[in-house]
Amino acid sequence: MSAQVVFVHGIRTSGTMWRRQATHLQASGVGVRSVDLPGHGTRMDEAFTLEGALATIDAAVQDAAAEGPVLLVGHSMGGILATAYAGTTPSAPIAGLVAASCTSLPRGIGLAAYRVILRVVDRLPGRGLGLTRLMLAATLPEDTRGDFAAGGYALDAQDAALASLAALDLRAAVQDLKVPAWFVNGQFDQLRLHESAFRRWAPEARFTVVPRASHLVTAMRPDTFNAVLDDALVTMTADAESGQPARA
């Protein structure tokens, strides 16, 4: 049985955002599943719900677990959802968690401000897609720049998706993690807001801050992020082969 990775994308984008990571892992014989959450990518015509998103993650994890130990990986909203799933689903057959750009509690003023910003951008000509393209062109390498847009942008789902995250008890989920966990942030990531609290809540987790990287760390520094994935896979595979309990 070979190691398996389940990828969970961030808001507005889709499973295509993981193409650089998928290529890297598949070259090493790792199984890869990049889900599309409700309202995103190939499921753009569906309504986003928190229950539907968590069910999507669970279905992919259960499927992957039949073929080997599972590393669950999420970015931004996907990282929040993956962390919530890992911490609140004791029966989840996962052997490790990598959560990127998500060490911020989705609630209060911060969440409200982010929703306002997206609403303002959505009112721009072309629903702000021109601004999005300019920002990606200015910050991402050419070979990963198109990955975020390849599955389309879920503009109609973004506000409902953000609002739903407030129902999660992310603090409890982080404190209840029972598997090895890696939290990855770009140095200039706006969602590092509660990183110090996450360090207290999960003292055995590994925290990586990537220099000169922003929120889109998976695409801005893909080789660095892939190295984190490799480290996580080595750790969880060693645990699985030794028969020892997962090391948080």
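Up top is the structure these notes are about.
Conventions we followed
- By convention here, each chain's residues receive numbers from 1 onward along its written sequence.
- Residues qualify for local features only when their pLDDT is at least 70, as the model is predicted, and side-chain atom pairs are given and counted only at 80 or more; totals for whole chains, interfaces and linings, by contrast, use all residues.
- Hydrogen atoms and water are omitted, and side-chain values are computed over all heavy atoms in the structure.
- Aromatic contacts are taken between Phe, Tyr and Trp rings whose centres are within 6.5 Å, Trp giving its six-membered ring; a plane angle under 30 degrees counts as stacked, one over 60 as edge-to-face, and the others as tilted.
- Secondary structure elements follow DSSP: runs of H or I of four or more residues count as helices, runs of E of two or more count as strands, with numbering from the N terminus.
- Summary of the burial criterion: residues with accessible area below 20% of their type's maximum are buried, those above 50% are exposed, and those between are partly exposed, where the area comes from a 1.4 Å probe applied to protein chains only.
- Lysine and arginine charges are scored as sitting over a ring when NZ or CZ, respectively, is within 6 Å of the ring centre and within 35 degrees of the ring normal.
- Note on terminology: a nonpolar core comprises buried Ala, Val, Leu, Ile, Met, Phe, Trp, Tyr and Cys residues joined through side-chain atoms within 4.5 Å.
- Whether two residues touch is decided by their heavy atoms; if any such pair falls within 4.5 Å, the residues are in contact.
- Should DSSP find at least two bridges between two strands, the strands are taken to pair.
- Under this scheme, a helix contributes an axis fitted over its contacting stretch, all axes are lines through C-alpha atoms, and angles between N-to-C directions fall in the 0 to 180 degree range.
- A residue counts toward a patch only above 30% relative accessible area and without a salt bridge, and it is joined to like-charged neighbours within 9 Å or, for Val, Leu, Ile, Met, Phe, Trp and Tyr, to nonpolar neighbours within 5 Å.
- For accessible areas, the Shrake-Rupley method is used with a probe of radius 1.4 Å. Any residue's cover is judged against the shown protein chains and nothing else.
- Any carboxyl oxygen of Asp or Glu within 4 Å of a side-chain nitrogen of Lys or Arg constitutes a salt bridge here.
- Angles are sorted into four bins: roughly parallel if under 35 degrees, roughly antiparallel if over 145, roughly perpendicular if 65 to 115, and oblique for all others.
- Note on residue classes: Ala, Val, Leu, Ile, Met, Phe, Trp, Tyr, Cys and Pro are nonpolar, Asp, Glu, Lys and Arg are charged, and everything else, Gly too, is polar.

**Some words on the packing of aromatic side chains**
Then comes step 1: If you walk through the whole model with that rule in mind, you get 5 aromatic pairs.
Then comes step 2: Look at Phe 183 and Phe 198: their rings are 5.7 Å apart centre to centre, the planes differ by 80°, and that puts the pair in the edge-to-face class. Here Phe 198 lies in helix H9 (residues 195–201) and Phe 183 lies in strand S5 (residues 181–186), a separation of 15 residues in the sequence. For the pair Phe 183 and Phe 198, a shared accessibility class is recorded, and that class is buried.
Then comes step 3: For the ring pair Phe 183 and Phe 207, a centre distance of 5.1 Å and an interplane angle of 20° mean the geometry is stacked. You can see Phe 183 sitting in strand S5 and its partner Phe 207 sitting in strand S6 (residues 206–210), a full 24 residues away along the chain. Just as Phe 183 is buried, Phe 207 falls in that class too.
Then comes step 4: Among the aromatic residues, ring-to-ring pairing joins Phe 183, Phe 198, Trp 201 and Phe 207 into one connected group.
Then comes step 5: Between the NZ or CZ atom of Arg 12 and the centre of the ring of Tyr 153, over which it lies, the distance is 5.4 Å.

**Focus: unusual backbone geometry**
Working note: non-glycine residues mostly have negative phi, and peptide bonds are mostly trans.
Then comes step 1: Located in the positive-phi region is Arg 12, a residue other than glycine, with phi close to 80°.
Then comes step 2: When you line up the elements, Arg 12 lands in the loop between strand S1 (4–8) and helix H1 (19–26).
Then comes step 3: The phi angle at Arg 212 is positive, at roughly 60°, despite the residue not being glycine.
Then comes step 4: The exposed category is assigned to Arg 212, whose relative accessible area is 59%.

**What to know about the nonpolar core**
Then comes step 1: Ranked by size, the top nonpolar core spans 47 residues in total, and within it Leu 37, Leu 72, Leu 81 and Ile 94 carry the most contacts.
Then comes step 2: Considering each element in turn, this core owes the most residues, 7 residues, to helix H3 (residues 77–88).
Then comes step 3: If we skip the residues at most four places from it in the chain, Ile 94 touches Val 61, Val 70, Leu 72, Tyr 85, Ala 86 and Val 179.
Then comes step 4: By size, the runner-up hydrophobic cluster in this structure holds 34 residues, among which are Val 5, Phe 7, Leu 140 and Val 228.

**Considering the environment of Val 234**
Then comes step 1: Of note, Val 234 is situated in helix H11 (residues 222–242).
Then comes step 2: Between the C-alpha atom of Val 234 and that of Ala 3, which follows or precedes it by 231 residues, the distance is 9.5 Å.

**What to know about the sheet that holds strand S4 (residues 96–100)**
Then comes step 1: Spatially, 6 strands are ordered S2-S1-S3-S4-S5-S6 in an open sheet, and the strand pairing comes out parallel. Strands at the two margins of the open sheet, each flanked by one partner only, are strand S2 (31–35) and S6. Ignoring strand direction, the axes of neighbouring strands in this sheet form an average angle of 15°.
Then comes step 2: Sheet topology places S4 next to S5; 4 bridges connect them, and they run parallel. Among the inter-strand pairings, Ala 99 is bridged to a residue of S5, identified as Phe 183.
Then comes step 3: With respect to the sheet, H1 is in contact with S1 and S2, its orientation differing from that of S1 by roughly 180°.
Then comes step 4: Along the sheet, H3 makes contact with S1, strand S3 (70–75), S4 and S5, crossing S3 at roughly 140°.

**Let's talk about a nonpolar patch on the surface**
Then comes step 1: Residues Leu 124, Leu 131 and Met 135 make up a contiguous nonpolar surface patch of roughly 260 Å² in combined accessible area.
Then comes step 2: Considering the arrangement of structural elements, one finds Leu 124 in the loop between helix H4 (108–122) and helix H5 (129–139).
Then comes step 3: For Leu 124, a relative accessible area of 36% puts it in the partly exposed group.

**Let's talk about the environment of Met 236**
Then comes step 1: Looking at the element boundaries, Met 236 is found in helix H11.
Then comes step 2: The class of Met 236 is buried, set by a relative accessible area of 1%.
Then comes step 3: Put simply, Met 236 and Ala 95 are 141 residues apart on the chain and 5.9 Å apart in space, counted from C-alpha to C-alpha.
Then comes step 4: Excluding residues that lie within four positions of it along the chain, Met 236 makes contacts with Ala 3, Gln 4, Pro 69, Val 70, Leu 71, Ala 95 and Gly 96.

**A closer look at the packing of H4 against helix H7 (residues 158–165)**
The packing of two helices is summarised by the inter-axis angle and the distance between the axes.
Then comes step 1: Put simply, H4 and H7 touch, their axes get as near as 10 Å, and they point 180° apart. Classified by the interaxial angle, the pair formed by H4 and H7 is roughly antiparallel. Across the interface between the two elements, Leu 111, Tyr 114, Arg 115, Leu 118, Arg 119 and Asp 122 of H4 pack against Gln 158, Asp 159, Leu 162 and Ala 163 of H7.
Then comes step 2: Its residues assigned to classes, the contact of H4 with H7 shows 5 nonpolar, 1 polar and 4 charged.

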